[in-house]
Amino acid sequence: VVSSRLVSHIHMCILKIEDDYYIEDMNSTNGTWVNGKRIMSNERSCVRNGDEVIIATLPYKVEIT
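Just so you know, these numbers come straight off a predicted model, no measurement behind them.

Here we look at the sheet that holds strand S4 (residues 37–39)
Logical step 1: Ordered by their spatial adjacency, four strands build an open sheet running S4-S3-S6-S7, and the pairing between neighbours is antiparallel. With partners counted over all chains shown, the strands left at the sheet margins are S4 and strand S7 (58–61), one partner each. Shown here is a sheet whose adjacent strand axes are inclined to one another by a mean of 30°, direction ignored.

Here it is, written out as structure tokens:
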């Protein structure tokens, strides 16, 4: 859970498909970015260790263990 007025109630989701992880924007108002590229609504982007994910304006680093 991200506590920010800029983050939508259901903003994005993380999916695991086989051995890969994906970030999917759930039609958010303020957007989701992976490594500087905005993900369009209902679009998925594969993420790897060290990638940067920005939810609205909040940056996060991907750490897959």
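Next comes the rest of the write-up.
Digging into the side chain of aspartate 51
Logical step 1: Position of aspartate 51 among the secondary structure elements: in the loop between strand S5 (44–47) and strand S6 (52–55).
Logical step 2: Among buried charged residues, aspartate 51 stands out as having no salt bridge; its nearest opposite-charge side chain is arginine 48, 6.4 Å away.
Logical step 3: At 3.2 Å, the side chain of aspartate 51 and the side chain of asparagine 35 are in polar contact.
Logical step 4: Polar contacts involving the side chain of aspartate 51 include one to the main-chain amide nitrogen of arginine 48, which spans 2.8 Å.
Logical step 5: Once you skip the residues sitting within four places of it in the chain, aspartate 51 turns out to touch Asn35, Cys46, Tyr60, Lys61 and Val62.

Quick notes on the side chain of glutamate 24
Logical step 1: Tracing the backbone through its elements, the reader meets glutamate 24 in strand S2 (residues 20–25).
Logical step 2: Separated by 3.0 Å, the side chains of glutamate 24 and arginine 44 make a polar contact.
Logical step 3: If we skip the residues at most four places from it in the chain, glutamate 24 touches His11, Met12, Cys13, Leu15, Asn42, Glu43 and Arg44.

A word on the pattern of salt bridges
Logical step 1: In the structure shown here, the tally under the stated rule is three salt bridges.
Logical step 2: For aspartate 20, the salt bridge is made with arginine 48, and the minimal N-O distance between the two is 3.2 Å. Of this pair, aspartate 20 sits in strand S2 while arginine 48 sits in the loop between S5 and S6, and the two are 28 residues apart along the sequence.
Logical step 3: Given a relative accessible area of 47%, arginine 48 falls into the partly exposed group.
Logical step 4: Note that arginine 44 and glutamate 24 form a salt bridge whose closest N and O atoms lie 3.0 Å from each other. Note that arginine 44 is positioned in strand S5 and glutamate 24 in strand S2, a separation of 20 residues in sequence.

Each value, and the rule that gives it
- Residues numbered from 1 in each chain as written.
- Predicted model: local features only at pLDDT ≥ 70, side-chain atom pairs only at ≥ 80, totals over all residues.
- Heavy atoms only, no water.
- Pairing = 2+ DSSP bridges.
- Helix = DSSP H or I, 4+ residues; strand = E, 2+ residues; numbered from the N terminus.
- Axes fitted to C-alpha atoms, helices over the stretch in contact; angles between N-to-C directions.
- Buried < 20%, exposed > 50% of the residue type's maximum accessible area, 1.4 Å probe, protein only.
- Lys, Arg positive; Asp, Glu negative; His and termini not counted.
- Salt bridge = Lys/Arg side-chain N within 4 Å of Asp/Glu carboxyl O.
- Polar contact = N/O pair within 3.5 Å; in protein donor to acceptor, adjacent residues only side chain to side chain.
- Contact = heavy atoms within 4.5 Å.

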